[in-house]
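Structural overview
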Amino acid sequence: MRQRGKLEYGGHAAPQRTCVGCRGRTAKSELLRLVLVEDHVTPDLRGRLPGRGASLHPSMSCLELAERRRAFPRAFRVPGPLDVSRVRAHLEEEKYEMSCRTPS
Ligand SMILES: [Zn+2]
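The shown structure was predicted, so the numbers you read here are calculated from the model rather than taken from an experiment. Note on numbering: residues in each chain are counted from 1, in written sequence order. Per-residue local features of the predicted model are confined to residues with pLDDT of at least 70, and side-chain atom pairs are confined, for both listing and counting, to 80 or more; whole-chain, interface and lining totals are unaffected and use all residues. To obtain the side-chain values, all non-hydrogen atoms of the structure were used and water was disregarded.

1. What about the coordination of the zinc ion?
Under perfect tetrahedral coordination by four donors, a metal shows angles of 109.5 degrees; under perfect octahedral coordination by six donors, it shows angles of 90 or 180 degrees. To be explicit about the condition: For Na, K and Ca the donor cut-off is 3.2 Å, while for other metals it is 2.8 Å, and in both cases only N, O and S atoms qualify; water is not among them, so sites may look incomplete. Every geometry call rests on angle ranges, with four donors termed tetrahedral when all angles are between 85 and 135 degrees, four termed square planar and six termed octahedral when opposite donors are over 155 degrees apart and all others are between 65 and 115, and everything else termed irregular.
Within the protein, C19 (SG), C22 (SG), H57 (ND1) and C62 (SG) serve as the donor atoms for the zinc ion, at 2.0 to 2.4 Å. The coordination sphere of the zinc ion comprises four donor atoms, whose angles at the metal cover 101 to 116°; the geometry is tetrahedral.

Spelled out as structure tokens, the structure:
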């Protein structure tokens, strides 16, 4: 018997989201939540910004895929085009944080 939809993690079903770039389903905690602030796609780092969210793997290749597929206007249900420079800047910063972790 195959279970559909949810993977089990130690007895708990982890919430999953679909990455708007590669369309892969991944645990919500591993994805970056994005919200729309005016025309800027903005990383919601604290998970507190209101509004419709989109999920993305924190990776440049998924960001580029999402852009190429025009996934953001579709995810946010706006005509677009949208500015993703904040997401790109965040992903670029993230690389430094990975190599040199500093408490915020
Ligand atoms: Zn992805």
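2. What about the packing of aromatic side chains?
Selection criterion: Here the aromatic set is Phe, Tyr and Trp, taking the six-membered ring for Trp, and pairing holds for ring centres within 6.5 Å; pairs whose planes are under 30 degrees apart are stacked, those over 60 apart are edge-to-face, and all others are tilted. Helix numbering and strand numbering both begin at the N terminus, where a helix is a DSSP run of H or I of at least 4 residues and a strand a DSSP run of E of at least 2. Type-normalised accessible area, obtained with a 1.4 Å probe on protein chains alone, sets the label of each residue: buried when under 20%, exposed when over 50%, and partly exposed for intermediate values.
Inspection of every chain in the model, using the stated rule, returns one aromatic pair. With 6.5 Å between their ring centres and 15° between their planes, F72 and F76 make a pair best called stacked. A residue pair is termed a helical-turn pair when its members lie 3 or 4 positions apart in one helix, as F72 and F76 do in helix α2 (residues 71-76) at four residues. The pair F72 / F76 is uniform in exposure class, with both members buried.

3. Comments concerning the sheet that holds strand β7 (residues 53-56)
Condition: Pairing between strands requires that DSSP locate at least two bridges from one strand to the other. What counts as an axis is a line fitted to C-alpha atoms, over the stretch in contact for a helix, and the angles between N-to-C directions run from 0 to 180 degrees.
With antiparallel pairing, the three strands of this open sheet are ordered in space as β6-β5-β7. The strands lining the two open edges of the sheet, one partner per strand, are β6 (40-43) and β7. Going across the sheet, the axis of each strand differs from the next one's by a mean of 40°, ignoring polarity. Here four bridges tie strand β5 (residues 32-37) to β6, and the two strands are oriented antiparallel to one another. The residue of β6 that forms the bridge with L36 is V41.

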